[in-house]
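A closer look at the structure
Each chain, written out:
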Amino acid sequence: MSANELWGGRFAKGPAEIMERINASIDFDRRLYRQDITGSMAHSSMLMDQGIISREDGEKIQEGLQTILREIEAGNFKTDPALEDIHMHVEARLRELIGDPAGRLHTGRSRNDQVATDMRLWVRDTMDHLDGELKALQEALLGQADAEADTVMPGFTHLQAAQPVTFGHHMLAYLEMFSRDRARLKDARARLNECPLGSAALAGTSFPIDREMTAKELGFDRPTANSLDGVSDRDFALEFLSVASICSMHLSRLAEEIVIWSSAQFRFVECSDSFSTGSSIMPQKKNPDAAELIRGKAGRSAGAFTCLLMMMKGLPMTYGKDMQEDKEPVFDAADNLQLCLAAMSGMISDISVNRVVMKNASGAGFTTATDLADWLVRRLDMPFRNAHHVTGSLVKLAETKDCGLEDLTLADMQTVESSITDEVFEVLGVDNSVASRVSYGGTAPSNVRAQVASWKQRLAGE
Ligand code: ARG
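Residues numbered from 1 in each chain as written. Predicted model: local features only at pLDDT ≥ 70, side-chain atom pairs only at ≥ 80, totals over all residues. Heavy atoms only, no water.

**Quick word on the overall build of the protein chain**
- Assigned secondary structure in the protein chain consists of 19 helices and six strands.
- Taking 23 Å as the expected radius of gyration for a compact globule of 462 residues, we find that the protein chain reaches 31 Å, considerably beyond that expectation.
- With the C-alpha coordinates aligned to their principal axes, the bounding extent of the protein chain is approximately 100 × 50 × 40 Å.
- Residues counted as buried form 50% of the 462 residues belonging to the protein chain.
- Carbon and sulfur atoms provide 52% of the accessible area of the protein chain, an area that totals close to 22100 Å².
- Between the centroid of the 49 positive side chains of the protein chain and the centroid of its 68 negative side chains there is a distance of 2 Å. (Helix = DSSP H or I, 4+ residues; strand = E, 2+ residues; numbered from the N terminus. Rg over C-alpha atoms; globule rule 2.2 N^0.38 Å. Buried < 20%, exposed > 50% of the residue type's maximum accessible area, 1.4 Å probe, protein only. Areas by Shrake-Rupley, 256 points an atom, 1.4 Å probe, with all protein chains shown as cover. Lys, Arg positive; Asp, Glu negative; His and termini not counted. Charge placed at Lys NZ, Arg CZ, Asp CG, Glu CD.)

Rendered as structure tokens:
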């Protein structure tokens, strides 16, 4: 095998077949083609403007790059592992198209700053897409919150029925989580938005390049300030993966709730046929596979984050080929997150809520016990600790009678606490319970409606 055309000057012979295989990244980094060509367009414009290359060569380079872009988009791009990566593929094709001037494109640049730039551009585009998908999911949740502002369901702690809440309030809880994910993306994007192009291999270059110009042309806020850091930093990818992992964790929690709620034991919701599958042996089954896959894929995002973190750990400055391994976890996490967000938005929009079942379940498990204790405090001026104790005794009494708190007679109650009056029954119903929770952020339908209105306004402005 002959030596590499682009860097093989000092080599007598080419690499072993296995070396070529371990070295090549083209199978996955071909996804960077658009960013790579955009970066090269900006770099060549700058080289022309600075008089580092002639206009004539620069224009040939740019026409050639546009042709390559069209070829790749049309699906006519042959890859060859001997050409390693997308950067060398583009340059090799440019040489075929325009001959010698192609060799001038790489002046004052290295693949190290080139790939760092390409990856930032790719992650930035992905962040922008994801923000839109997160917003769509927020809108789906908001739609359910609006429709189910008054729907009572059991609220859980420890997955034990705790206090009645509203389904709308529950949907809004997820809306809050996804809004934090969007804020994290925005924050990470602002830090990412510096351009490493022109850091060259690691030390900068002696050519009179204009880094402000390329940074601006590529939509970055400024060039990175240190060339060593410019080529060796992958924090932006790590931050992206950490945001993706947290967001996937949120999705997995919602997915798990859908799995629980749609089970025959709960029957709180029913997933639409479009987001369910059947069983090949059990004809009665309707499985929430989309929710399960979303739950499962959360493990993958966390794995991608850990993978990149471990890959970067202990790497000496500056670039190391290890860093070629940054791409697959980033691509995989981005693809899966996009898929999961779209599936979750569809599932949430389509879900049908079983209001009667939820309401009946809301009272089970003495969920209004806290309301009873609060009533004892308010009406009988009992210290809360005593009220807690008295209520505990009433729960025990109801348990022995195998009934709900609201099914106890006043006489039953007075055996435990003689000053209880029949006004107590007003707070024992689940509707009264939720309606009374009007503290800021509480579950009362009136609060939910106010939150829905303010979210509608907020999302419309984003
Ligand atoms: N394919 C390489 C990567 O993704 C590009 C940079 C190669 N740089 C080098 N010095 N060999 O990291």
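**Re empty space enclosed by the protein**
- Throughout the structure, instances matching the rule amount to two cavities of 30 Å³ or more.
- Within the residue set of the lining of the largest cavity, elements represented by two or more residues are α10 (235-261), α11 (289-312) and α12 (327-350).
- Grouping the amino acids of the lining of the largest cavity by side-chain chemistry returns five nonpolar, three polar and one charged.
- There is about 30 Å³ of room inside the second largest cavity.
- Residue lining of the second largest cavity: D36, S40, H87, V90, E91, L105, R109 and Q114, and that is the complete set.
- Contributing elements (two or more residues each) for the lining of the second largest cavity: α3 (33-49) and α5 (86-98). (1 Å grid on protein atoms, 1.4 Å probe; cavity = no way out; pocket = protein on both sides within 12 Å on 5 of 7 lines; lining within 4 Å. Points joined across faces, edges and corners; volume = space filled by probe spheres on them. Nonpolar A, V, L, I, M, F, W, Y, C, P; charged D, E, K, R; others polar.)

**Some thoughts on the side chain of S272**
- Examined against the element boundaries, S272 turns out to sit in the loop between β5 (269-270) and α11.
- Once you skip the residues sitting within four places of it in the chain, S272 turns out to touch K286 and D350. (Contact = heavy atoms within 4.5 Å.)

**Describing helix α19 (residues 445-460)**
- For α19, with 16 residues, the first-to-last C-alpha span of 22 Å sits near the 22 Å given by 1.5 Å per residue.
- Every buried residue of α19 is accounted for by P445, N447, V448, V452, W455 and L459. For α19, the angular spread of the buried residues around the axis is 140 degrees, confining them to a single face. Exposed positions of α19 whose direction lies more than 90 degrees from the buried face are Q457 and A460. (Expected span 1.5 Å × (residues − 1). Arc of directions from axis to C-beta.)

**Points about the pairing of strand β1 (residues 152-157)**
- Pairing analysis gives six bridges linking β1 to strand β2 (residues 160-166), with the strands arranged antiparallel. By the bridge assignment, T157 is partnered in β2 with Q160.
- Here β1 folds back onto β2, and the loop between the two strands holds two residues, one of which, H158, carries a positive phi near 60 degrees. (Pairing = 2+ DSSP bridges.)

**Some details on a nonpolar patch on the surface**
- Residues I18, M19 and I22 make up a contiguous nonpolar surface patch of roughly 330 Å² in combined accessible area.
- As for its placement among the helices and strands, I22 is situated in helix α1 (residues 17-23). (Patch = residues over 30% accessible without salt bridge, like charges linked within 9 Å, V, L, I, M, F, W, Y side chains within 5 Å. Salt bridge = Lys/Arg side-chain N within 4 Å of Asp/Glu carboxyl O.)

**Describing the site of the ligand**
- Contacts to the ligand come from S25, D29, D85, H87, R111, N112, V115, Y319, Q324 and K327.
- In this structure, a nitrogen atom belonging to the ligand sits 2.8 Å away from a side-chain N or O atom of D85.
- Relative to its free-state accessible area of 340 Å², the ligand is covered by the protein chains to the extent of 86%.
- Residue contributions to the shell around the ligand peak at three residues, all from helix α6 (residues 111-147).
- Looking at the shell around the ligand residue by residue, the class counts come to two nonpolar, four polar and four charged. (Near = heavy atom within 4 Å. Polar contact = N/O pair within 3.5 Å; in protein donor to acceptor, adjacent residues only side chain to side chain.)

**A closer look at the packing of helix α14 (residues 369-380) against helix α15 (residues 384-400)**
- In contact at an axis separation of 8 Å, α14 and α15 are set at 135 degrees when each is read in the N-to-C sense. Our classification of the angle between α14 and α15 gives oblique. You can see that α14 and α15 cross each other, and the crossing is right-handed. Across from A369, L372, A373, D374, L376 and V377 in α14, the residues of α15 making contact are F384, A387, H388, V390, T391, L394 and V395. (Axes fitted to C-alpha atoms, helices over the stretch in contact; angles between N-to-C directions. Parallel < 35°, antiparallel > 145°, perpendicular 65-115°, else oblique. Left-handed = near helix turned anticlockwise from the far one by under 90°.)

**Points about the pattern of salt bridges**
- Within the structure shown, the criterion is met by 34 salt bridges.
- Across the pair K456 and D146 runs a salt bridge whose closest N-O atoms are separated by 2.7 Å. With K456 in helix α19 and D146 in helix α6, this pair connects stretches of sequence that are 310 residues apart.
- Between D326 and R234 there is a salt bridge, with the nearest N and O atoms lying 2.8 Å from each other. With D326 in the loop between α11 and α12 and R234 in the loop between α9 (227-232) and α10, the pair connects residues that are 92 residues apart, well separated along the chain. This pair shows no difference in class: D326 is buried, exactly as R234 is.

**Re the packing of aromatic side chains**
- Across all of its chains, the model carries four aromatic pairs by this definition.
- A network of ring pairs unites the aromatic residues F156, F266 and F268 as a single cluster.
- The side chain of R124 reaches across the aromatic face of F220, ending 4.8 Å from its centre. (Phe/Tyr/Trp six-rings, centres within 6.5 Å; stacked < 30°, edge-to-face > 60°. Lys NZ or Arg CZ within 6 Å of the ring centre and 35° of its normal.)

**Digging into unusual backbone geometry**
- Omega for the bond connecting M317 with T318 falls within 30 degrees of zero, at 0 degrees, which places this linkage in the cis form.
- Tracing the backbone shows T318 in the loop between α11 and α12.
- Positive phi is not limited to glycine here, since L159 has a value of about 55 degrees.
- By secondary structure assignment, the location of L159 is in the loop between β1 and β2.

**Details of a negative patch on the surface**
- On the surface, D27, D322, E325 and E328 cluster together into a patch of negative charge.
- With respect to the secondary-structure elements, E328 resides in helix α12.

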